[in-house]
Amino acid sequence: MRRDYFSRLRWAARWYLPPAEAAEMLEDYREIVEGRSEEELRRDVGTPKDAVGRLVELKAYHRWLTVFAVLAVCVVLPSADAVWSEISQQLIRLFDIWLFVGGIAQTSRYAEWMLPLGTVLALAWFRHNGRKEQALSKWLAPLLAFLLLGIAWVSFLAWTVFAEQWDLLNSLFPENHWLLRFSMGACALAAGVIGMLGLIKARLTDRRWLAAYTLGLTGAVACVFVWKLFSSMSPDFSPGWQTPLIIRYTFITLLGLLGTGVALC
């Protein structure tokens, strides 16, 4: 019970307090918690949230919540929009139900700006307000590898369009390409979930978890970009139509990989 109480106290302190203050509080409370039951601690100290709440500086905490909200919107909105559009497409295809309105056309206008905004803000904030533990979590590397595989898959789909490999695309995805859209929706959902996990873990544990956030953000934005590419395909492309799109997509992937590398340092 004592370990459970202290674990909850550690998470609460790291969420509500800046790193230095959280570390100082946990060091002080380690002796208070030692050898006491949870009932005694609740009676004398209160719940972990109550104990931390007495030390919270509201202005600093609200500043963190604002940053968290902006970063969360940057990764969740593109991811949710891709998933939302896929649900809409499947309802139309299977049941002829027009329940949702596709939002890709709206989100794609500003999704690419969410990548530099989220990456720069996250790195700047956690460089000054994050902690770096000695051992890196064993789960981070597999999650990053999974995200990289998803980005590689989306990049392959982008290449089939840029290179006009229509026969290859049709052979891989028959039946109106519904499986193609489903795979991009799944990639976007995974990117959003892992990105949010990385953002929360960067606050609660090691700031290097920010790598999962930046790469998840990259994957979500890449999915929206490629989804819009497929949604707006037309047989009337003029020569060289790929060039500006390739430049934009290359910028997305390179910025995301660079941000991920910096986050791991």
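Look a little higher up for the structure.
Residues take numbers from 1 onward in each chain, read along the sequence in its written order. Two thresholds apply to this predicted model, a pLDDT of at least 70 for residue-level local features and 80 or more for giving and counting side-chain atom pairs, whereas whole-chain, interface and lining totals are computed over all residues. Excluded from the side-chain calculation are hydrogens and water; included are all heavy atoms of the structure.

**Some points on the overall build of the protein**
The way it works is that DSSP assigns letters per residue, a run of H or I at least four long becomes a helix, a run of E at least two long becomes a strand, and they are numbered from the N terminus. In terms of helices and strands, the protein carries 12 helices and zero strands. Going from N to C terminus, the protein has its helices and strands arranged as α-α-α-α-α-α-α-α-α-α-α-α. Accessibility here uses a 1.4 Å probe with only protein chains present; expressed as a share of the type maximum, an area under 20% marks a residue as buried, one over 50% as exposed, and anything in between as partly exposed. Relative to its full complement of 265 residues, the protein shows a buried share of 47%. At a minimum sequence separation of 6, the contacts of the protein that also span at least 24 residues come to 80%. Note that accessible areas follow from Shrake-Rupley with a 1.4 Å probe, and for residues the cover is restricted to the protein chains shown. For the protein, the computed accessible surface area is about 14,000 Å², with 64% contributed by carbon and sulfur atoms. The contact criterion used is simple: two residues touch if any of their non-hydrogen atoms lie within 4.5 Å.

**A word on the side chain of Ser183**
Its location among the elements puts Ser183 in helix H10 (residues 178–204). For Ser183, a relative accessible area of 14% corresponds to the buried category. A polar side-chain atom of Ser183 sits 3.2 Å from a polar atom in the side chain of Trp153. Beyond its immediate stretch of four places on either side in the chain, Ser183 contacts Trp153 and Leu157. Whenever a nitrogen or oxygen atom comes within 3.5 Å of another N or O atom, the pair is scored as a polar contact, on the condition that within protein one atom can donate a hydrogen and the other can accept it, and that pairs from neighbouring residues in sequence are kept only if both atoms are in side chains.

**Description of unusual backbone geometry**
Of note, the phi angle at Glu164 is positive, near 55°, even though the residue is not glycine. Mapped onto the elements of the fold, Glu164 is located in the loop between helix H8 (140–162) and helix H9 (166–172). By relative accessible area, which is 38% here, Glu164 ends up partly exposed.

**A few points about helix H2 (residues 19–33)**
Under the convention used throughout, the expected extent of a helix is 1.5 Å for every residue step, that is, one less than its residue count. For H2, spanning 15 residues, the distance from its first C-alpha to its last is 20 Å, which sits close to the expected 21 Å at 1.5 Å a residue. Among all positions of H2, only Pro19, Ala22, Met25, Leu26, Tyr29 and Val33 are buried. Positive phi appears at Gly35, one or two residues downstream of H2, with a value of about 75°.

**Observations regarding a nonpolar patch on the surface**
Each patch is built from residues that are more than 30% exposed by relative accessible area and take part in no salt bridge. Like charges join if they lie within 9 Å; nonpolar side chains (Val, Leu, Ile, Met, Phe, Trp, Tyr) join within 5 Å. For this document, the term salt bridge refers to a Lys or Arg side-chain nitrogen within 4 Å of an Asp or Glu carboxyl oxygen. A surface patch of nonpolar side chains, amounting to about 420 Å² of accessible area, comprises Val73, Leu77, Tyr110 and Trp113. On the secondary structure map, Val73 appears in helix H5 (residues 58–95). Overall, the relative accessible area of 45% leaves Val73 in the partly exposed class.

**Some details on the side chain of Arg207**
Within the secondary structure, Arg207 sits in the loop between H10 and helix H11 (210–231). Although Arg207 is buried, it makes no salt bridge; Asp206 carries the closest opposite charge, 5.8 Å away. Asp and Glu count as negative and Lys and Arg as positive, but His and the ends of the chain are not part of the count.

**Some words on the packing of aromatic side chains**
Any two rings among Phe, Tyr and Trp, with Trp reduced to its six-membered ring, count as a pair given centres within 6.5 Å; such a pair is stacked if its planes are under 30 degrees apart, edge-to-face if over 60, and tilted if neither. On inspection of all chains with the given rule, the structure shows nine aromatic pairs. Residues Trp64 and Phe68 carry aromatic rings whose centres are separated by 5.5 Å and whose planes lie at 50° to one another, so their mutual orientation is tilted. Within this pair, Trp64 and its partner Phe68 are both found in helix H5, separated by four residues, close to a single helical turn. This pair shows no difference in class: Trp64 is buried, exactly as Phe68 is. Every member of this aromatic cluster is reached through a ring pair, and the members are Trp15, Trp64, Phe68, Trp125 and Phe126. Cation over ring: Arg10 sits above Trp11, and NZ or CZ is 4.6 Å from the ring centre. We call a charge positioned over a ring when the NZ of a Lys or the CZ of an Arg lies within 6 Å of the ring centre and within 35 degrees of the ring normal. Above the ring of Trp64, the side-chain terminus of Arg203 is found at 4.3 Å from the ring centroid.

**Side note on the pattern of salt bridges**
Here the structure, examined in full by the defined rule, presents four salt bridges. Between Glu133 and Arg14 there is a salt bridge, and its shortest N-O distance comes to 3.0 Å. You can see Glu133 sitting in the loop between helix H7 (111–129) and H8 and its partner Arg14 sitting in helix H1 (residues 2–16), a full 119 residues away along the chain. When the shortest N-O distance is used, the salt bridge between Arg43 and Asp44 registers 3.1 Å.

**Description of the packing of H8 against helix H12 (residues 242–264)**
Their axes nearest at 11 Å, the elements H8 and H12 cross at an angle of 170°. Between H8 and H12, the angle is such that the two are roughly antiparallel. On H12, the residues touching Leu140, Leu144, Leu148, Ile151, Val154, Ser155, Ala158 and Phe162 of H8 are Gln242, Leu245, Ile246, Tyr249, Thr253, Leu257 and Leu264. Of the residues that constitute the contact of H8 with H12, the class distribution is 12 nonpolar, three polar and no charged. Note on geometry: axes are lines fitted to C-alpha atoms, helical ones only across the stretch in contact, with angles between N-to-C directions running from 0 to 180 degrees. Oblique is the label for any angle not covered by the other classes, which are roughly parallel (under 35 degrees), roughly antiparallel (over 145) and roughly perpendicular (65 to 115). Put simply, Ala, Val, Leu, Ile, Met, Phe, Trp, Tyr, Cys and Pro go in the nonpolar bin, Asp, Glu, Lys and Arg in the charged bin, and everything else, Gly too, in the polar bin.

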